[in-house]
Protein chains: 2
Amino acid sequence: MRISELSAQSGVPVPTIKYYLREKLLPEGERSSPTQASYGVAHVQRLGVIRALVDAGVGIAGVRKVVAVLEEPPENPYDLLGAANAAVTPAVSTDLDLTAAFALLDRMGGAPQHCFPEQIAAVAHALATLDRAGFTVPDAVMDAYLEHLGALAEAELAATPDTSIEDAVRYVVLGTALVEPLILALRRVAEQVAASRRFGSGAP
Amino acid sequence: MRISELSAQSGVPVPTIKYYLREKLLPEGERSSPTQASYGVAHVQRLGVIRALVDAGVGIAGVRKVVAVLEEPPENPYDLLGAANAAVTPAVSTDLDLTAAFALLDRMGGAPQHCFPEQIAAVAHALATLDRAGFTVPDAVMDAYLEHLGALAEAELAATPDTSIEDAVRYVVLGTALVEPLILALRRVAEQVAASRRFGSGAP
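Residues numbered from 1 in each chain as written. Chains lettered and ligands numbered in written order. Predicted model: local features only at pLDDT ≥ 70, side-chain atom pairs only at ≥ 80, totals over all residues. Heavy atoms only, no water.

### As for the overall build of chain A
Scanning chain A from N- to C-terminus turns up 10 helices and 2 strands. In chain A, the order of α-helices and β-strands from amino to carboxyl end is α-α-β-β-α-α-α-α-α-α-α-α. Over its C-alpha atoms chain A spans a radius of gyration of 21 Å, topping by over 25% the 17 Å that the globule rule assigns to 204 residues. Taken along its principal axes, the extent of the C-alpha atoms in chain A is 65 × 50 × 35 Å. Expressed as a percentage of the 204 residues in chain A, the buried residues total 48%. Taking the intrachain contacts of chain A between residues at least 6 apart in sequence as the baseline, contacts between residues at least 24 apart amount to 59%. (Helix = DSSP H or I, 4+ residues; strand = E, 2+ residues; numbered from the N terminus. Rg over C-alpha atoms; globule rule 2.2 N^0.38 Å. Buried < 20%, exposed > 50% of the residue type's maximum accessible area, 1.4 Å probe, protein only. Contact = heavy atoms within 4.5 Å.)

### Regarding the packing of aromatic side chains
Applying the stated criterion to the full structure yields 4 aromatic pairs over all chains. When the ring of B:Tyr19 is compared with that of B:Tyr20, the centres are 5.8 Å apart and the planes differ by 50°; the resulting orientation is tilted. (Phe/Tyr/Trp six-rings, centres within 6.5 Å; stacked < 30°, edge-to-face > 60°.)

### Description of the nonpolar core
A:Leu53, A:Tyr145, A:Leu186, B:Leu53, B:Tyr145 and B:Leu186 are the most contacted members of the largest nonpolar core, which has 132 residues in total. For A:Leu186, the residues in contact, after removing those within four places along its chain, are B:Leu104, B:Met108, B:Val123, B:Met142, B:Tyr145, B:Leu146 and B:Leu149. (Core = buried A, V, L, I, M, F, W, Y, C linked by side-chain atoms within 4.5 Å.)

### Points about the relation of the copies chain B and chain A
The operation relating the pair of chain copies consists of a rotation about an axis and a translation along that axis. Of the transformation placing chain B onto chain A, the axial shift is 0.0 Å and the rotation is 180°, giving an RMSD of 0.1 Å. The superposition operator between the copies reduces to a two-fold rotation axis. The C-alpha atom lying nearest the rotation axis in chain B is that of B:His148; the distance is 2.6 Å. A shared binding surface is used by both copies, with 100% of the interface residues of chain B retained as interface residues in chain A. (Least-squares fit on C-alpha atoms with pLDDT ≥ 70 in both.)

### Quick word on the layout of surface pockets
All names here are of chain A. The volume enclosed by the second largest pocket comes to roughly 430 Å³. In this structure, the second largest pocket is lined by 20 residues; those nearest its centre are Ala42, Gln45, Arg46, Val49 and Arg170. For the lining of the second largest pocket, the elements supplying multiple residues, two or more each, are helix H1 (3–10), helix H3 (41–55) and helix H9 (165–177). In terms of residue count, H3 provides more of the lining of the second largest pocket than any other element does, 10 residues in total. Looking at the lining of the second largest pocket residue by residue, the class counts come to 9 nonpolar, 5 polar and 6 charged. (1 Å grid on protein atoms, 1.4 Å probe; cavity = no way out; pocket = protein on both sides within 12 Å on 5 of 7 lines; lining within 4 Å. Points joined across faces, edges and corners; volume = space filled by probe spheres on them. Nonpolar A, V, L, I, M, F, W, Y, C, P; charged D, E, K, R; others polar.)

### Focus: the packing of H1(A) against helix H2 (residues 14–22) of chain A
Packed helices, taken two at a time, are described by the angle their axes make and the gap between the axes. Residue and element names in this part refer to chain A. Two numbers describe how H1 lies on H2: the axes approach to 9 Å, and their chain directions differ by 105°. Classified by the interaxial angle, the pair formed by H1 and H2 is roughly perpendicular. The segment H1 lies against H2, with Ile3, Ser4, Leu6, Ser7 and Ser10 engaging Val14, Ile17, Lys18 and Leu21. (Axes fitted to C-alpha atoms, helices over the stretch in contact; angles between N-to-C directions. Parallel < 35°, antiparallel > 145°, perpendicular 65-115°, else oblique.)

### Points about the domain arrangement of chain A
Looking at chain A, the domain boundaries give domain 1 (1–55) and domain 2 (75–199). Taking only C-alpha atoms into account, the centre of domain 1 of chain A sits 32 Å from that of domain 2 of chain A. (Domains from an automatic or database assignment.)

### A word on empty space enclosed by the protein
Tallying each qualifying case throughout the model produces 3 cavities of 30 Å³ or more. Roughly 170 Å³ of internal volume is contained in the largest cavity. If you go around the largest cavity, you meet 20 residues; those closest to its centre are A:Glu191, B:Glu156, B:Tyr171, B:Val172 and B:Thr176. Elements with a minimum of two residues in the lining of the largest cavity: helix H8 (139–158) and helix H10 (179–199) of chain A together with helix H5 (77–87), helix H8 (139–158) and helix H9 (165–177) of chain B. Here the lining of the largest cavity is composed, by residue class, of 12 nonpolar, 5 polar and 3 charged. Within this model, the second largest cavity holds a volume of roughly 140 Å³. In terms of lining residues, the second largest cavity is bounded by 20 residues, among which A:Glu156, A:Leu157, A:Val172, A:Thr176 and B:Glu191 are the most central. Mapped onto the lining of the second largest cavity, the elements with two or more residues apiece are helix H5 (77–87), H8 and H9 of chain A together with H8 and helix H10 (179–199) of chain B. When its residues are assigned to classes, the lining of the second largest cavity shows 11 nonpolar, 6 polar and 3 charged.

### Points about the interface of chain B and chain A
Each partner contributes to the interface: chain B provides 84 residues, whereas chain A provides 84 residues. Counting each side, the surface lost to burial between chain B and chain A is near 7800 Å², with a carbon and sulfur contribution of 70%. If you sort the residues of chain B by the area they bury against chain A, B:Arg187, B:Arg188 and B:Gln192 come out on top, with a joint share of 10%. Joining chain B to chain A, the criterion identifies 4 salt bridges. As a salt-bridge pair, B:Arg187 and A:Glu156 come within 2.8 Å of each other at their nearest N and O atoms. (Buried area = accessible area lost by both parts, 1.4 Å probe. Salt bridge = Lys/Arg side-chain N within 4 Å of Asp/Glu carboxyl O.)

### Description of the side chain of A:Ser7
Residues and elements named next belong to chain A. Topologically, Ser7 is positioned in helix H1. Judged by its relative accessible area of 14%, Ser7 is buried. Excluding residues that lie within four positions of it along the chain, Ser7 makes contacts with Val12, Pro13, Val14 and Ile17.

### Things to note about the pairing of strand S1 (residues 30–33) of chain A
All names here are of chain A. Strand direction decides the pairing type here: S1 and strand S2 (residues 36–38), joined by 3 bridges, are antiparallel. Across the sheet, Arg31 pairs through a bridge with Ala37, a residue of S2. In textbook terms, the turn of a hairpin is the stretch between consecutive antiparallel strands, and for S1 and S2 this stretch comprises 2 residues. (Pairing = 2+ DSSP bridges.)

Following this line, the structure appears as structure tokens:
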């Protein structure tokens, strides 16, 4: 199909498609003449992934990393999932005290070798932000986070498709980044439901 | 203290403090002369809350809502927690099909009356983003989300301080918005730990 049809099918404007082509996030189409290229289903799928990541707040640098993983997936499933996960983990300053983050990792049954430095740095950064605001997560609540987020991650991982490497990477990348707004939105609803249960107000 | 000392104590630059004063996010100091005002501990605390929210990605409109809740807290605890929670829930288009979101609410044991429209809209928006990307959350994973996020919310709510309304609002507002990056970061680490367990790689 031509670029105009690719735009219609994907819902992405032509100038944006041209930008993604220049940025090499989208592979070139097949040249059908010196001024025309032809695009296929793979382009529509790739545009869907890019738009979804952008909508989820992932920057162009993150999209570039995801595309790199999709184009040259590592062979070992652990490295594959790790690279996909790390690609959508926003970079934060590594100039942080990692002690408390490593302590939480330990309580989750993990070891430093299990994690990418970005992931530990993200935990440390989140803890530092809470500290600066003078907010302490109560011990019982932190215990609940570690327990329930661990269980949630196990369920997510158990559902990783084994049909192809592309499917697995797509699942981890989109499942990690895109599902975040859903998890946060569900948590807020859950808090509201719990509050109505506790205080008996707002009930039908 | 003078504005220069307030800046030093809070780590917020003087021009930013002046901006917050103009935006009425920070109450005026006590006039000590026609050109000078005096600030106190309450200003340092308020600046800590504002900076924390801004760092957590909450926009000025959201900060304004939080400040309004802090300044005039509702009397009923359910309304109080709801208003605090809703204040930090980003507004999304309400021009969305809410059917799937209400179905999830029902599975969580909640009813539409329990929730603020923004919260249901946020779930619908997250589901629509996933749809657009062609990503389906597997049933078993969605079950895990509802179960574990529900348990997590119960634990959070059980730890709400009952020392004062200000403390409760501060806990809900900061606990909802500021803890989000921690939850997301811990989830990624948990996925990594689960992957290393499943594939036996990266172990010590």
